[in-house]
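Observations on the three-dimensional arrangement
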There are 4 protein chains.
Amino acid sequence: MLDQGSRRRAELLGIAAQLFAEHGYRSTTVRDIAEAAGILSGSLYHHFDSKESIADEILSGFLDELFASYTEILAAGLKPRNAIEAVIIASFEAIDSHPHGVSIYQTETKHLAKLSRFDYLEHRNTEFRKLWTTMLSDGVRQGAFREDLDIEVVYRFIRDTVWVAVHWYNPNGSLPVGQVARQYLTIVLEGIAVRRRPAKRGSGT
Amino acid sequence: MLDQGSRRRAELLGIAAQLFAEHGYRSTTVRDIAEAAGILSGSLYHHFDSKESIADEILSGFLDELFASYTEILAAGLKPRNAIEAVIIASFEAIDSHPHGVSIYQTETKHLAKLSRFDYLEHRNTEFRKLWTTMLSDGVRQGAFREDLDIEVVYRFIRDTVWVAVHWYNPNGSLPVGQVARQYLTIVLEGIAVRRRPAKRGSGT
Amino acid sequence: MLDQGSRRRAELLGIAAQLFAEHGYRSTTVRDIAEAAGILSGSLYHHFDSKESIADEILSGFLDELFASYTEILAAGLKPRNAIEAVIIASFEAIDSHPHGVSIYQTETKHLAKLSRFDYLEHRNTEFRKLWTTMLSDGVRQGAFREDLDIEVVYRFIRDTVWVAVHWYNPNGSLPVGQVARQYLTIVLEGIAVRRRPAKRGSGT
Amino acid sequence: MLDQGSRRRAELLGIAAQLFAEHGYRSTTVRDIAEAAGILSGSLYHHFDSKESIADEILSGFLDELFASYTEILAAGLKPRNAIEAVIIASFEAIDSHPHGVSIYQTETKHLAKLSRFDYLEHRNTEFRKLWTTMLSDGVRQGAFREDLDIEVVYRFIRDTVWVAVHWYNPNGSLPVGQVARQYLTIVLEGIAVRRRPAKRGSGT
DNA sequence: TATGAATGAGAATTCATTCAT
DNA sequence: AATGAATGAATTCTCATTCAT
């Protein structure tokens, strides 16, 4: 339940997020944002301290939501494979509901993280890494994942794989999120190759 | 064999590429490049027309090399699975030899492609797409890859997966390129899950 | 006896005076004043026309009071030395009761006097000059002050000396105004040097 | 001996100093400075980092020179009264040679000192205070100055008295610096009143 | 080739002021 | 009286680019 003021703020944040996502943080001018909102650039400063603080609110808001959903999943105590599926689906849902946030997170993190006000980006990265490496090594220990995996490589692989989808996943397109998430999961979990060796499994040509 | 002039040019391009990769094209000023090269910003203009033309040379040079190696592989007429392996290995080798080029390509394409002088970025994208969807559908047709794959999704998945590795692959690190490429291939081709008894799946032709 | 409205006005003027004195007229924003008063900047405009008119009221109010006390002293027809003592004491009392007014008067006069609405600053300066040069030359004529004085220089000396005390005189500090005024008078009238044998000087009428 | 570049810098610093002194630091825009120098405002940044750094160079340059001359005087080991005369004359000479520096120092110190890059202003103040209180108490101890002086008050009196002269001393005017300094010294050392008590000294009416 | 001074367009930001509610 | 959203002009600063030397 937002009052008038917060609603306007949220609206402006949405406009800014879209522009940042589409043209990049640096290439989007404060004027662009104001114009898109139908006001003058100076008026933006009635709502926000600075361009940086706009990006800050977008990113921290998005990440807070995302990690809240991760925390919920972890609390459910699922088995590794199910947990990974749930986390990936939650991530794709974030792509669906916050495509701009994801995009900004992906593209701008490297540069913004240099500023101390964005230190939380680094912290979130650390949390994310812990989350995944724990799930993966639990999975290996419990026999759900292949023993020969290099956990670190797989973690990076998944981390990048998931978020990069924002570049082409179209929220208004034909494929619903759930389905895209499923396909990603299938590739990551099962690979794209036909199973050759185990003849009795009915695989092969 | 380069003459004095070209050698200096190449050197400057290398310096610029590193800065573009590290801080982004927009955030890197002409002065930054000149300073890193030990000259004044005005002096850069004896070597290059503009900042854009520096980025242009870096990107087109990198892409020309990359696609030359792809073309060679295609000409060899390998079987789909082997071809895909070769193309992925070639891509990782590009990451190894031109990390800055890859990084710039990845981060700045979206932005630079708006300028007509960078139209070739779009063309290369199209080529890349054709290359992969052809290899993938050939592979499915020949029974090397699972029939239930969504070629488009897998193409995008691989495209993003490969290049994104530049963010964490460290050319001077412990893992040699070849090995990283192998691990990527293993995940993509075989998946990370332990093969379960897929009898009821009824997969295969 | 002030009604509600005027009391609020006076309160706001006091807040503004303090901020102008502490941070300067230009550096103090209308928002700063409003915030210090616990209202929003737009609301200040229900009380005052403009930022300028706030400064105007502060300065003219302070100067009116000050010159009223001068006029009273002049009307008393004191001897030069006593008159000067009285005027200086009155000035120090103004520093005590209106430290912010004095500070603003001192720091901002030069700048504000360019605006026609502040023409009275110039007029007051002229009055002040007349007051002092008259007292001083009367004093010299009547043998109270040394004959070799350059009236103009002494006038400026005193003018600056008196007001500049606002920078360090602390209204809440240990020294009461009266005492500070006395010490100033001692220095100005008697000097800091020990009286040497001035026989050869041949001073006096 | 300045090279081309430093000469231009010095020239620009002089222009800026004059404007800062005349209109105040805040009221002088970077554009004003540039215009007065016959260039565009952006071009100023070829020479200086920021408006602040211009003020910084003006102030620190002026203060370095001033304190160098003080240090020389102290090193001469003069008697208190002579030392004070020398220091005051040196100060008036600074007013003569750097009127803008003095004016900026006087008017802007309070505001600029809030910025950490101007911490040296505070340090200089401390040095100045030590210089004067030492000279004054030495003088009292050696019988050159009156015993009943409040050193602190006299120090402040002199400090303010000296610099405030910049407001009306006109370097191109009729009175040479030396003479103005002398008159100031006479007032401060001897006072303006005719000596009354010591009848044999021939003072009084 | 290189310097260094300058351009000029445009960036983010500030702030006194207005005004409908 | 007060709010809060907005204006619009001005301000500091940035930066790719030019050009005489």
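Computed from a prediction, not measured in an experiment: that's the story for all the values here. (Residues numbered from 1 in each chain as written. Chains lettered and ligands numbered in written order. Predicted model: local features only at pLDDT ≥ 70, side-chain atom pairs only at ≥ 80, totals over all residues. Heavy atoms only, no water.)

For the rest of this paragraph, the subject is the protein's contact with DNA strand E. Near DNA strand E you find 33 residues, and of these A:Tyr45, B:His46, B:His47, C:Val30 and D:Ser43 are the closest. For DNA strand E, the backbone portion of the atoms within 4 Å of the protein, that is sugar and phosphate, comes to 64%. Contact distances for DNA strand E include 3.0 Å between a phosphate oxygen and a side-chain N or O atom of D:Arg8. Residue assignment for the surface near DNA strand E shows that the elements contributing at least two residues are α3 (41–44) of chain A, α1 (4–23) and α3 (41–44) of chain B, α2 (30–37) and α3 (41–44) of chain C together with α1 (4–23) and α3 (41–44) of chain D. (Near = heavy atom within 4 Å. Polar contact = N/O pair within 3.5 Å; in protein donor to acceptor, adjacent residues only side chain to side chain. Helix = DSSP H or I, 4+ residues; strand = E, 2+ residues; numbered from the N terminus.)

Glancing now at the relation of the copies chain B and chain A. Expressed as a screw operation, the relation of chain B to chain A combines 0.1 Å of axial shift with a rotation of 180°, fitting to an RMSD of 0.1 Å. Taken together, the turn and the small shift mark the pair as related by a two-fold rotation axis. Relative to the rotation axis, the C-alpha of B:Gly191 is the closest in chain B, positioned 1.8 Å from it. A high fraction, 86%, of the interface residues of chain B reappear at the interface in chain A, so the copies pair face to face through one surface. (Least-squares fit on C-alpha atoms with pLDDT ≥ 70 in both. Contact = heavy atoms within 4.5 Å.)

Moving on, we get to the UniProt feature "domain: HTH tetR-type" (unreviewed entry) in chain A. Those residues carrying the UniProt feature "domain: HTH tetR-type" (unreviewed entry) are residues 6–66 of chain A in this numbering. Secondary structure across residues 6–66 of chain A comprises 75% helix and 0% strand; the distance between its end C-alpha atoms is 21 Å. (UniProt positions renumbered as here; feature names shortened; annotations may be inferred.)

Attention shifts here to the relation of the copies chain C and chain D. When chain C is fitted onto chain D, the two copies agree to an RMSD of 0.1 Å after a turn of 180° and an axial shift of 0.1 Å. Take the interface residues of chain C: 88% of them recur as interface residues in chain D, which is what a same-surface contact looks like.

At the junction of the two partners, chain C supplies 50 residues and chain D supplies 45 residues. Of the roughly 4700 Å² buried at the junction of chain C and chain D (both faces included), carbon and sulfur atoms supply 58%. The interface formed by chain C and chain D holds 0 salt bridges in total. Linking chain C to chain D there are 7 residue pairs in polar contact (both at pLDDT 80 or more). Among the secondary structure elements, those contributing two or more residues to the side of chain C that touches chain D are α1 (4–23), α6 (99–112), α8 (151–164) and α9 (177–190) of chain C. Among the elements that make up the side of chain C that touches chain D, the one with the highest residue count is α8(C) (9 residues). (Buried area = accessible area lost by both parts, 1.4 Å probe. Salt bridge = Lys/Arg side-chain N within 4 Å of Asp/Glu carboxyl O.)

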